[in-house]
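Spelled out from the first residue to the last, the chains are:
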Amino acid sequence: MTQEIRDTLYSDIDSLVKYAVKRGLIEDCERIYSINLLIDLFHENEYKEPETDDERDLETVLDSLDDIAVSLGLIDDNKVSRDLFDTRIMNCVMMRPAEVRRRFMEEYRVSPEKATDFFYSLSKNSNYIRTARVAKDIKWKTPTEYGDIDITINLSKPEKDPKVIAAALKQGNSSYPRCQLCIENEGYAGRLDHPARQTLRIIPVSLRGEEYGFQYSPYSYFNEHCIVLNSKHVPMKVDKDTFLKLFDFVRQFPSYFLGSNADLPIVGGSILTHDHFQGGRYEFAMERAKEERGFTVKGYDDVKACLLHWPVSVIRLRGAEIERVAELAYHILSVWRGYTDESVNIFAETDGEPHNTITPIARKRGDEYEMDLALRNNLTTKDRPLGLFHPRAEYHHIKKENIGLIEVMGLAVLPSRLQRELALVESYMVNNDIDGIRKDESVNSHADWAEDIMGRYDITSENVREIIRYETGMVFCHVLEDAGVFKKTDEGEAAFFRFIDSL
């Protein structure tokens with residue numbers, strides 16, 4: 001190690017340790033201990049406190065430390081290796097799980113909000129939530145007849161390059177942790193095919209007497225985006241106990257909502273092998289949706305029920321007693337599981353394969369408990385092999401992935417490729433060059449859409465970005481309408497009312 005590199009290392013370590021003390025990641029009395037962990041990580045045997053006292057942002061310091069590790073041959077110079085290593089770095093200045101849990105409970109005794117404020121700040125300050133990357137996500141709102149829906153082009157979730165994938169294959173498969181949601185991830189160093197989780201901290205919570213873990217999503221799609229995961233690696237399941245667990249969580253953390261992906265492929269989000277919920281402190285468009293056609297179900301007169309003006313078919317329940325709302329939710333689920341209406345292509349099962357399930361979302365409003373039940377169906381047909389209630393092919397240039405819990409509530413999580421593709425489409429449109437779009441293989445999937453837009457607007461360099469964002473949002477709105485089992489037509493609404501009557 002040259003003296004120049006050594007001086008930079010000492011300066012970076014000094015900045016990092018001061019940052020950690022200032023942000024409450026470690027106590028001042030742990031400063032020397034953390035310095036020694038860091039110099040050992042870089043195979044250095046000594047340390048000299050730098051004379052300068054420059055305060056730099058965390059991302060800059062970590063990038064510099066990664067550069068040093070690359071120059072010393074400690075890691076390869078690729079994004080995944082750098083992420084693995086700088087997580088090891090942050091673990092040297094991170095409080096241990098027992099201390100995090102102790103502090104959380106100490107704050108919880110003041111209020112649940114104090115506890116989650118502490119935990120969320122810790123998750124950001126430790127770089128577990130990479131806030132600098134999350135800040136680069138492209139976000140806007142699109143006004144629709146259903147309200148303002150959220151559109152996000154996600155840039156914070158890393159995409160692996162082919163070389164890294166090939167290197168991971170050489171490492172061989174590992175069954176530990178069994179998946180990225182398993183509780184064994186806490187403190188795991190990671191590998192090329194599995195993210196580092198040394199700065200992950202998990203708070204144990206009891207839901208209906210069953211042990212779960214409460215943590216935050218590292219990709220933070222919305223404010224305080226949390227994950228509540230079963231301590232056991234068991235598959236997703238939606239039943240009465242699911243509803244009761246969701247309510248048990250919002251009872252303990254009333255400023256948060258909590259929801260579950262459905263438990264069937266296509267309509268069930270990306271991970272069905274591990275029972276988990278998602279929540280946070282955020283008001284989605286669906287929560288604000290207009291309530292329509294109130295009704296009561298016989299035997300449940302104490303629970304208010306209504307339909308929502310929302311592209312996905314949603315029933316909202318509200319009542320003062322958790323058990324009663326959950327009982328009605330389970331009754332609706334049970335009827336829906338076996339419900340068929342061939343006139344609108346709803347089949348409970350085909351060839352013994354079940355198709356109907358529910359995406360539930362729970363929240364607390366004042367003294368009442370509220371649950372939204374989004375009716376889902378995963379039937380596939382010859383014409384719609386990805387799902388009859390999945391985004392149709394003409395929308396795949398914007399959104400092809402499954403419509404899970406977050407999308408159902410009105411937040412589009414769109415792929416990072418759209419950042420580059422939409423910018424190119426904009427440049428062609430400003431020049432009125434539809435042929436250029438059709439000939440450019442990187443964006444020709446957008447050609448028909450772009451031609452339709454150009455026929456409806458007078459495109460200029462000043463308005464093209466606003467127009468493209470609005471039309472992208474409208475595609476997502478139509479995607480949600482595709483996911484609705486009862487369409488927003490006279491026929492669809494009549495079919496929805498028939499289902500309500502069947503309850």
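Please refer to the structure placed before this passage.
This one's a predicted model, so the numbers in the text were calculated from it and none came from an experiment.

## Notes on the environment of Gln419
On the secondary structure map, Gln419 appears in helix H13 (residues 417-430). C-alpha of Gln419 to C-alpha of Ile138: the two residues are 281 residues apart in sequence and 8.0 Å apart in space. The residues contacting Gln419, other than those within four sequence positions of it, are Ile138, Ile153 and Leu155.

## Remarks on the packing of aromatic side chains
A full pass over the atoms with the stated rule returns 29 aromatic pairs. Ring centres of Phe247 and Tyr369 lie 5.7 Å apart, and the angle between their planes is 75°; this geometry places the pair in the edge-to-face category. Here Phe247 is found in helix H9 (residues 240-252), whereas its partner Tyr369 is found in strand S14 (residues 368-377), with 122 residues between them in sequence. Of the two residues, Phe247 and Tyr369, both sit in the buried class. Measuring from ring centre to ring centre gives 5.2 Å for Trp336 and Phe499, while their planes differ by 80°; the resulting arrangement is edge-to-face. Linking Trp336 in helix H11 (residues 322-337) with Phe499 in helix H17 (residues 490-502), this pair joins segments that are 163 residues apart in sequence. Three or more aromatic residues joined by ring pairs form one cluster here, namely Phe104, Tyr108, Phe119, Tyr120, Phe214, Tyr216, Phe249, Phe253 and Tyr256. The ring of Phe497 is capped by Arg293, whose NZ or CZ atom sits 3.7 Å from the centre of that ring.

## Thoughts on the pairing of strand S4 (residues 210-216)
Counting buried positions along S4 yields five of seven residues, so the element is predominantly enclosed. Looking at chain direction, strand S3 (residues 203-207) and S4 are connected through five bridges and run antiparallel. Looking across to S4, one finds that Val205 is bridged to Tyr212.

## Some remarks on unusual backbone geometry
Note that the residue after Tyr176, namely Pro177, is joined by a cis bond; omega there is -15°. Its identity is not glycine, yet His43 carries a phi of approximately 60°, on the positive side. The topology assignment puts His43 in the loop between helix H2 (31-41) and helix H3 (58-71). With a phi close to 55°, Asp351 is a non-glycine residue in the positive phi region. Among the secondary structure elements, Asp351 is positioned in the loop between strand S11 (349-350) and strand S12 (353-354).

## What about the packing of H3 against helix H4 (residues 79-91)?
Viewed as axis vectors pointing N to C, H3 and H4 meet at an angle of 115°, and their least axial separation amounts to 10 Å. In terms of orientation, H3 and H4 fall into the roughly perpendicular class. For the crossing formed where H3 meets H4, the hand is right-handed. Listed contacts from H4 to Leu58, Leu62, Asp63, Leu65, Asp66, Asp67, Ala69 and Val70 of H3 are Arg82, Phe85, Asp86, Ile89 and Met90.

## Some points on the pattern of salt bridges
Inspection of the entire model under this criterion finds 49 salt bridges. Glu287 serves as the salt-bridge partner of Arg363, at 3.7 Å between the closest nitrogen and oxygen. Of this pair, Arg363 sits in strand S13 (residues 356-365) while Glu287 sits in helix H10 (residues 285-288); the two residues are 76 residues apart in sequence, bridging distant segments of the chain. A residue is classified by how much of its surface remains accessible, and Arg363, at 4% relative accessible area, is buried. For Glu287, a relative accessible area of 16% corresponds to the buried category. A single network of salt bridges, built from pairs that share partners, joins Glu287, Glu291, Arg316, Arg318, Arg363, Arg365, Glu370 and Asp372.

## Describing the state of the cysteines
In total, this model carries zero disulfides according to the counting rule given. Take Cys179: it sits in no disulfide, and the sulfur closest to it among the cysteines is that of Cys182, at 3.8 Å. The class for Cys179 is buried, based on a relative accessible area of 12%. There is no disulfide at Cys226, and the cysteine sulfur nearest it, in Cys179, is 17 Å away.

What counts and how
- Residues numbered from 1 in each chain as written.
- Predicted model: local features only at pLDDT ≥ 70, side-chain atom pairs only at ≥ 80, totals over all residues.
- Heavy atoms only, no water.
- Helix = DSSP H or I, 4+ residues; strand = E, 2+ residues; numbered from the N terminus.
- Contact = heavy atoms within 4.5 Å.
- Phe/Tyr/Trp six-rings, centres within 6.5 Å; stacked < 30°, edge-to-face > 60°.
- Buried < 20%, exposed > 50% of the residue type's maximum accessible area, 1.4 Å probe, protein only.
- Lys NZ or Arg CZ within 6 Å of the ring centre and 35° of its normal.
- Pairing = 2+ DSSP bridges.
- Axes fitted to C-alpha atoms, helices over the stretch in contact; angles between N-to-C directions.
- Parallel < 35°, antiparallel > 145°, perpendicular 65-115°, else oblique.
- Left-handed = near helix turned anticlockwise from the far one by under 90°.
- Salt bridge = Lys/Arg side-chain N within 4 Å of Asp/Glu carboxyl O.
- Disulfide = S-S within 2.5 Å.

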